[in-house]
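Working through the structure, step by step
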Amino acid sequence: MKTTWSTVLLRAAAAALLCAGPALVAAPAAQAGPPAAPAPGLPGTVDSLVPAPMLPPVTAPVPPIVGAGTPAAVEALRAAIMPSNVGDPFFDAWPQGLDARPDGAVLATRDVTAPTAPLVGGGIAQALQFKVKTTDSSGAPSFATATMLLPRTPWTGPGTRPVLVNNLPIDALGRACTPGYTMAHGLSFTTTVTDFVPPTTQLAIQHGYAVLIPDHEGPRMAYAEPYVAGHAILDSIRGLRNLRPAEFGDSRIAMTGYSGGAIATYGATKLIGSYAPELAGHIVGSALGGVPADFEMLTHSMNGNLASGLFQAATLGIARERPEILELANNLAQQMATSPLKDQCVYELGATGVTLLPINVMANVLDPLHSPVAEHIYTEMRMPGRRSTAPLYIYNGAQEFWIPAQGARELYDEQCRMGVSAVYRAVPGEHAIAALTGYPGAMTWLDQRLQGQPAPNECGRG
């Protein structure tokens, strides 16, 4: 009989109850520390309750990860966890000959003004969607999609029209969950409220700025993977400049993102100097809020509580690019990763947190969060030693418990030590409230950068 993903969740809950005992049942919604350690027999018990999934044959190879050297069984699992096609070749189709194209080369364009204009409240002359060549986390050829919004009003400020790169918190595993899909196809059940609230895009248009909105998770929907996001964003900026060099070739560019969008902005900011050094003089600032700068911290704050659904989704998103994670996946993890969950958006993924399942229940080793694979992933996600070439505005909720402010503060301290002009703001509230309380300061700072004002530097002020 076919195992449905709801059955998988029920069996997973049973496994957790049997193996983790009363401590797991009583886990609080905002647990401060890691969940209770699993019983010694956990991996074997889970696999005895949950069968391995029936993986379809690999009829078309997944575009490879350079140097991965993954076993055939893991590669078959990796193919099965990839996002499903959405029926739009603009997002689904891998272009031929990518390895012969430079990063940022424009591969395709299409006008999406008609469906996009009503969504952003009018005021735009054009919404142009384009597809560019980029690279994945390992340096293999890939592609990215992005949408450029051009205001109706002429730019009368100094220089050419500035560009705000709005890295929205996609936080999803399915291709229909991206802002690009909504702008091409209109509102749907996959549209995320944070695509439009707070109104960053609308305010930027009113100020006369062009807006660039990258689909920064890439074609594999690698949620929370900062290298994929950073490459996609920087190559989208390159693509915009290649499309309209006279209009944007010398424009001031600023980037912003909150939460999942901050992961993307963080990745792009840290990669400017090494990946796109020609943009260093043009990207004049990055504002990051609620940034998950340390994935290891999230194993304590988002694992085994109501946030565990998004934590597990982020792990799957990273595993799509880093298949070594899949070698630790037990039957339960494989069932969930190949189920319809692999195509869900933020609301559905977040709702799975009601199971309170710790990720420990999904591994074939006793302590996956302290395994060599995990330690390697933590280091990679921190992107250590990479200096931003752009000034930074970093803010975090002072009462934040899902994404601790310590990670954002350590990012600020790291960049200050490297000589970056930076500002840090502790704003009132937890994650959702801080998105609002920190918003005015971030937008004011971005506006000043796009207007050409020098960035303040508060490093060393305590």
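Anything mentioned here points back to the structure above.
Rules behind the numbers
Residues numbered from 1 in each chain as written. Predicted model: local features only at pLDDT ≥ 70, side-chain atom pairs only at ≥ 80, totals over all residues. Heavy atoms only, no water. Phe/Tyr/Trp six-rings, centres within 6.5 Å; stacked < 30°, edge-to-face > 60°. Helix = DSSP H or I, 4+ residues; strand = E, 2+ residues; numbered from the N terminus. Buried < 20%, exposed > 50% of the residue type's maximum accessible area, 1.4 Å probe, protein only. Core = buried A, V, L, I, M, F, W, Y, C linked by side-chain atoms within 4.5 Å. Lys, Arg positive; Asp, Glu negative; His and termini not counted. Salt bridge = Lys/Arg side-chain N within 4 Å of Asp/Glu carboxyl O. Contact = heavy atoms within 4.5 Å. Disulfide = S-S within 2.5 Å. Pairing = 2+ DSSP bridges. Axes fitted to C-alpha atoms, helices over the stretch in contact; angles between N-to-C directions. Patch = residues over 30% accessible without salt bridge, like charges linked within 9 Å, V, L, I, M, F, W, Y side chains within 5 Å. Areas by Shrake-Rupley, 256 points an atom, 1.4 Å probe, with all protein chains shown as cover. Expected span 1.5 Å × (residues − 1).

Brief notes about the packing of aromatic side chains
In total, this model carries 10 aromatic pairs according to the counting rule given. Here Trp94 and Phe143 contribute two aromatic rings whose centre-to-centre distance is 5.3 Å and whose plane-to-plane angle is 85°, an arrangement assigned as edge-to-face. Note that Trp94 is positioned in the loop between helix 5 (89–92) and strand 1 (106–111) and Phe143 in strand 3 (residues 141–151), a separation of 49 residues in sequence. Phe143 sits in the buried class, given a relative accessible area of 2%. Relative to Phe311, the ring of Phe295 has its centre 5.5 Å away and its plane inclined at 25°; by these criteria the two rings are stacked. Taken together, the residues span a long stretch of sequence, with Phe295 in helix 12 (residues 295–301) and Phe311 in helix 13 (residues 308–319) at a distance of 16 residues.

Considering the nonpolar core
If you look at the biggest cluster of nonpolar residues, it comprises 45 residues, and the most contacted ones within it are Leu212, Leu234, Ile237, Ile283, Val291 and Ile394. Formed by 31 residues, the second largest nonpolar core is a distinct cluster that contains Trp155, Tyr393, Tyr439 and Leu446.

Examining the side chain of Arg241
With respect to the helices and strands, the residue Arg241 is situated in helix 9 (residues 226–243). Buried charge without a partner: Arg241 forms no salt bridge, and the closest opposite charge is Glu278, 6.1 Å away. Not counting chain neighbours up to four residues away, the residues in contact with Arg241 comprise Phe248, Gly249, Asp250, Ile253, Leu279 and His282.

Focus: the pattern of salt bridges
Under the definition given, this model contains 16 salt bridges. Between Arg110 and Asp88 there is a salt bridge; the shortest N-O distance is 2.8 Å. Of this pair, Arg110 sits in strand 1 while Asp88 sits in the loop between helix 4 (72–80) and helix 5, placing them 22 residues apart in sequence. Judged by relative accessible area, Arg110 falls into the partly exposed class, the value being 24%. For Arg322, the salt bridge identified is with Glu380, shortest N-O distance 3.6 Å. Here the residue Arg322 occupies a position in the loop between helix 13 and helix 14 (331–338), and Glu380 occupies one in helix 16 (residues 372–382), the gap between them amounting to 58 residues.

Concerning the state of the cysteines
With the rule as written, the count across this model stands at two disulfides. Linked covalently through their sulfurs, Cys177 and Cys345 form a disulfide whose S-S length is 2.0 Å. A torsion of -85° about the S-S bond marks the disulfide between Cys177 and Cys345 as left-handed. Here Cys177 is found in the loop between strand 4 (163–167) and helix 7 (179–185), whereas its partner Cys345 is found in the loop between helix 14 and helix 15 (346–351), with 168 residues between them in sequence. Classification of Cys177 by relative accessible area gives buried; the value is 1%. For Cys416, the disulfide goes to Cys459, at an S-S distance of 2.0 Å. Handedness of the Cys416-Cys459 disulfide follows from its S-S torsion of about -75°: it is left-handed. Pair noted here: Cys416 is in helix 17 (residues 405–417) and Cys459 is in the segment after helix 19 (439–450), with a separation of 43 residues, a long-range link.

Digging into unusual backbone geometry
Look at the link from Val197 to Pro198: it is a cis peptide, with omega at 0°. Even without being a glycine, Met221 presents a positive backbone phi close to 50°. Inspection of the secondary structure assignment puts Met221 in the loop between strand 5 (210–214) and helix 9. Look at Met221 and you get buried, because its relative accessible area is 2%.

Overview of the pairing of strand 5
Where burial is concerned, most of strand 5 is hidden: five out of the five residues are buried. Because side chains alternate across strand 5, one face comprises the buried residues Ala210, Leu212 and Pro214, and the other comprises Val211 and Ile213, equally buried. By the bridge criterion, four bridges tie strand 3 to strand 5 in an arrangement that is antiparallel. Across the sheet, Met148 pairs through a bridge with Leu212, a residue of strand 5. Examined bridge by bridge, strand 4 and strand 5 share three bridges and lie parallel to one another. Paired with Val165 across the two strands is Leu212, which belongs to strand 5.

What about the sheet that holds strand 7 (residues 283–289)?
The nine strands lie next to each other as 1-2-3-5-4-6-7-8-9, forming an open sheet whose pairing is mixed. The sheet is open, and its two edges are formed by strand 1 and strand 9 (422–427), each paired on a single side. Across this sheet, the average inter-strand angle for adjacent strands is 20°, counted without regard to direction. Together, strand 1, strand 2 (124–135), strand 3, strand 4, strand 5, strand 6 (253–258) and strand 7 form the strand contacts of helix 9, whose direction differs from that of strand 2 by roughly 125°.

With respect to a nonpolar patch on the surface
Together, Val193, Val197 and Tyr347 make up an exposed nonpolar region whose accessible area comes to about 280 Å². Among the structural elements, Val197 can be located in the loop between helix 7 and helix 8 (200–206).

Structural notes on the environment of Val423
With respect to the helices and strands, Val423 occurs in strand 9. The class for Val423 is buried, based on a relative accessible area of 2%. The sequence separation of Val423 and Ile394 amounts to 29 residues, and the corresponding C-alpha distance is 6.2 Å. Every residue in contact with Val423, bar those within four places of it in the chain, is listed here: Leu392, Tyr393, Ile394, Tyr412, Trp445, Pro456 and Glu458.

Remarks on helix 13
Along its 12 residues, helix 13 runs 16 Å from first to last C-alpha, staying within 8% of the 16 Å computed at 1.5 Å per residue. Counting buried positions along helix 13 yields 11 of 12 residues, so the element is predominantly enclosed. Of the positions making up helix 13, those classed as buried are Ser308, Gly309, Phe311, Gln312, Ala313, Ala314, Thr315, Leu316, Gly317, Ile318 and Ala319. Where helix 13 is buried, its residues contact helix 12, helix 14, helix 15 and helix 16.

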